[in-house]
Amino acid sequence: MNDTQDAFFDLAVSCGALTFGAFTLKSGRQSPYFFNAAAFASGRALTELGRLYARAAEAAGLGYDVIFGPAYKGIPLAVALASGLALEYGRDTPYCFNRKEAKDHGEGGVTVGAPLRGRVLVIDDVISAGTSIAESARIIADAGATLAGVVIALDREERGNGAQSAAAEVATRHHVPVVSLGRLSGLLAYLGRRQGLGQYREAIADYRARYGASTTD
């Protein structure tokens, strides 16, 4: 998993998905780093990201029948994971995503792609308040399927509503595993090993000391 994590950080930095500086987050916190999955905006980047998602999901032993990507950022991620599973493991896994508004003509419905059935794996970029996952869980339940787990790109390991991280809160609330390609603790170690990036480590370590969760699992 460490190889997958380092490969993820290498890809994120090279694509500009992971940047360093001074950023104001939606929460109002001032962060010395920022992650934007929308920056994986090319065929090569999405292909490699999909392979990494596939490796993380397989390493975690997650059992699922369908991949679900919440609109909007989860849509290309679901496609990338499905492609990664086919390329890396020869697994032809169906995927779907939700519409922001239900369609009342044509095929209709609130989802696009494969039917939601059996055990469903949700894929997303990060977990902040867990709102997107809660909405996804409701859509899955309404379809008569079961939430099997969640796989995200980056676990910021920041406090949620309590002492746990936001990702750990989702795992507790929905009783499913939450798997990430990279964690903030892993990023700190990564920065210490990569030439030219060590200068950002102290500010991120200070940020973690201020906002980090006391429990991440």
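Along each chain, the written sequence defines residue order, and numbers are assigned to residues from 1. A pLDDT threshold of at least 70 governs which residues receive local features in this predicted model, and a stricter bar of 80 or more applies before side-chain atom pairs are shown or counted, although totals over entire chains, interfaces and linings include all residues. Hydrogens and waters are ignored; side-chain quantities use all the structure's heavy atoms.

Caption draft 1: Representation of the overall build of the protein within the structure. Numbered from the N terminus, helices here are DSSP runs of H or I no shorter than four residues, and strands are runs of E no shorter than two. When its secondary structure is counted, the protein shows seven helices and eight strands. Along the longest, intermediate and shortest principal axes, the C-alpha atoms of the protein span 55 × 35 × 30 Å. Only protein chains enter the accessibility calculation, which uses a 1.4 Å probe; a residue is then buried when its area is under 20% of its type maximum, exposed when over 50%, and partly exposed in between. Sorting the 217 residues of the protein into buried and exposed places 47% on the buried side. It only takes one pair of heavy atoms within 4.5 Å for two residues to be counted as in contact. In the protein, the share of contacts with a sequence separation of at least 24, taken over all contacts with a separation of at least 6, comes to 70%. In the protein, the 22 positive side-chain charges and the 22 negative ones have mean positions that sit 2 Å from each other. Only four residue types enter the charge count: Lys and Arg as positive, Asp and Glu as negative, with His and the chain ends excluded. One atom stands in for each charge, and that atom is NZ of Lys, CZ of Arg, CG of Asp or CD of Glu.

Caption draft 2: Quick look at the UniProt feature "binding site: orotate" (unreviewed entry) in the protein. UniProt positions are given in the numbering used here, feature names are shortened, and annotations may be inferred rather than shown by experiment. Per the UniProt annotation, the sites labelled "binding site: orotate" (unreviewed entry) are Phe 34, Phe 35, Ser 128 and Arg 156. Annotated residues spanning 123 residues; largest pairwise C-alpha distance 13.0 Å, indicating a single compact cluster. Structurally, the position occupied by Ser 128 is in the loop between strand 6 (119–124) and helix 4 (131–142). Tracing the backbone through its elements, the reader meets Arg 156 in the loop between strand 7 (146–155) and helix 5 (166–174).

Caption draft 3: Summary view of the environment of Leu 181. Turning to its location among the elements, Leu 181 is positioned in strand 8 (residues 178–183). Along the chain, Leu 181 and Ala 153 lie 28 residues apart, while their C-alpha atoms are 4.9 Å from each other.

Caption draft 4: Region of the structure containing the nonpolar core. Counting residues in each nonpolar core, the largest one holds 44 residues, and the members touching the most others are Phe 8, Tyr 33, Phe 35, Phe 40, Tyr 53, Leu 81 and Leu 187. It is helix 2 (residues 43–59) that contributes the most residues to this core, seven residues altogether. With residues up to four places along the chain from it excluded, the contact list for Phe 35 reads Phe 8, Ala 12, Ala 17, Phe 40, Asp 125, Val 126, Ala 153 and Leu 154. Each nonpolar core is a collection of buried residues, namely Ala, Val, Leu, Ile, Met, Phe, Trp, Tyr and Cys, held together in the definition by side-chain atoms within 4.5 Å. In this structure, Cys 96, Ile 133, Leu 147 and Val 150 belong to the second largest nonpolar core, which totals 20 residues.

Caption draft 5: Broad picture of the pairing of strand 8. Burial within strand 8 is extensive, with five of its six residues counted as buried. If DSSP finds at least two bridges between two strands, the strands pair. Pairing of strand 7 with strand 8, which is carried by five bridges, proceeds in the parallel orientation. The residue bridging Leu 154 from the neighbouring strand is Gly 182, located in strand 8. In this region the chain leaves strand 7, passes through helix 5 and returns to the parallel neighbour strand 8; the handedness of that crossover is right-handed. Look down the strands so they point away from you; if the path from the first strand over the helix to the second goes clockwise, the crossover is right-handed.

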